[in-house]
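# Summary of structural features
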Amino acid sequence: MTPRTEHRPQMSVEEFEELERHAPEHVRLEFVHGRVQVKPVTDGNHDQIVAWLQRLCMQHRPELWLYGDRGLSVEKYRKGRARPDGVLAPFGFAKGHGDWSDAAGVLMVVEVTSHDSDTDRRDRIEKPDGYAAAGIPVYLLVDRDDRSVVVFDAPEGGCYRHQEKLPFGATVALPAPVDITLDTAPLAELAECGPET
C-alpha cells in the first residue's frame, strides 16, 4: 500500500485554524489532504456507539480514556487537522492542549460512519492515510453502512500495512498497544439511525 498522491491544498493550516475558530458552534470542520471538510452532525446511535466504546475501554484499560471529538494534528508535517469520533490515549493526554493535540501518545483513533455522501472518501480512504502518516498505531472504523468493523494497524510509510474487516457480531481483537477484545454484537442494533424527531 502506498499513500495517496499529494495535491495543492485549498489553504494553509493557519488559514484553516482561523476559519475553524470562527465557524458556527454546530459546524465541525476538518482539514484532511489539504481540503476543508465539514464533519456531519452525529445522530443518537452514532453517539451511543462512541459511548459503548468509552465504557469498554474504561473497563479493560482504566489508565486510558477515549476522548470524544478531540482535534488532532495529522498527516506529514502536521498539515492536517482531524476530529476523530474517539481518541484513545493515556488519561490526562489532552491536558494543556489547545484545540489541536499532537498525535504523539495516541494509541488508537475511532471513526463511526455517518449516513452522508462523503463517508466513503473521508472515513474509508482519506482518514486511514492521515492517521497512518501521524503514526497512530490503530485506526478502528465502525462502518454502519457496511455493518462491519475494520481494524487498521501497523502504520508504515504513510499507510497502514494491515487491515482486518469483520462483520458486526464478531469478536474483534484490537492489536497492541490497545490490547482490548470487543464483542461487537451490540453494534447490530445501533447501525441504523434512530427515528426522526
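Preceding block: the structure.
An account of the accompanying structure is given in this report. Because the structure is predicted, anything quoted here is derived from the model rather than measured.

## So, the nonpolar core
Counting 29 residues, the largest nonpolar core has L53, M108, L140, V142, L174, V178 and L182 as its most contacted members. Sorting the residues of this core by element identifies α2 (44-60), β3 (64-67), β8 (108-112), β9 (138-143), β10 (148-156), β12 (171-174), β13 (180-183) and α4 (187-190) as the ones contributing at least two each. Looking at this core element by element, the count peaks at 6 residues for α2. Sequence-distant contacts of L182, defined by excluding residues within four places in its chain, comprise W52, L53, L56, L140, A170, T171, V172 and L174. If you look at the next biggest cluster of nonpolar residues, it comprises 19 residues, including Y67, A82, L141 and V150.

## Section: the sheet that holds β3
Read across the open sheet, the 6 strands follow the order β3-β6-β8-β9-β10-β11; overall the sheet is mixed. Of all the strands in the sheet, just β3 and β11 (159-167) have a single pairing partner and so form its edges. With strand direction ignored, the average angle separating the axes of adjacent strands in the sheet is 20°. Strand direction decides the pairing type here: β10 and β11, joined by 8 bridges, are antiparallel. Bridge pairing in β11 links S148 to P167. Along the sheet, α2 contacts β3, β6 (86-90), β8 and β9; its crossing angle with β3, the most-contacted strand, is approximately 170°.

## Examining the side chain of R83
In this structure, R83 sits in the loop between β5 (80-82) and β6. From its side chain, R83 meets the backbone oxygen of D69 in a polar contact 3.4 Å long.

## Re the pattern of salt bridges
Here the structure, examined in full by the defined rule, presents 5 salt bridges. A salt bridge links E63 to R61, with the nearest nitrogen and oxygen atoms 2.7 Å apart. Accessibility expressed as a relative area gives 42% for E63, which makes it partly exposed. The buried category is assigned to R61, whose relative accessible area is 17%. Between D145 and R124 there is a salt bridge, and its shortest N-O distance comes to 3.4 Å. With a gap of 21 residues between them, D145 in the loop between β9 and β10 and R124 in helix α3 (residues 119-133) connect regions that are remote in the sequence.

## Digging into the packing of aromatic side chains
Enumeration over the complete set of coordinates arrives at 4 aromatic pairs. Residues Y67 and F93 carry aromatic rings whose centres are separated by 6.1 Å and whose planes lie at 55° to one another, so their mutual orientation is tilted. Of the two residues, Y67 sits in strand β3 while F93 sits in the loop between β6 and β7 (100-102), which places them 26 residues apart along the sequence. Of the two residues examined, Y67 and F93, each falls in the buried class. Aromatic side chains Y139 and F152 sit 5.0 Å apart centroid to centroid with 20° between the ring planes, which places their arrangement in the stacked category. In this pair, Y139 sits in strand β9 while F152 sits in strand β10, placing the two residues 13 residues apart along the sequence.

Scoring rules and cut-offs
- Residues numbered from 1 in each chain as written.
- Predicted model: local features only at pLDDT ≥ 70, side-chain atom pairs only at ≥ 80, totals over all residues.
- Heavy atoms only, no water.
- Core = buried A, V, L, I, M, F, W, Y, C linked by side-chain atoms within 4.5 Å.
- Buried < 20%, exposed > 50% of the residue type's maximum accessible area, 1.4 Å probe, protein only.
- Helix = DSSP H or I, 4+ residues; strand = E, 2+ residues; numbered from the N terminus.
- Contact = heavy atoms within 4.5 Å.
- Pairing = 2+ DSSP bridges.
- Axes fitted to C-alpha atoms, helices over the stretch in contact; angles between N-to-C directions.
- Polar contact = N/O pair within 3.5 Å; in protein donor to acceptor, adjacent residues only side chain to side chain.
- Salt bridge = Lys/Arg side-chain N within 4 Å of Asp/Glu carboxyl O.
- Phe/Tyr/Trp six-rings, centres within 6.5 Å; stacked < 30°, edge-to-face > 60°.

Any functional reading would require information that these geometric values do not contain.
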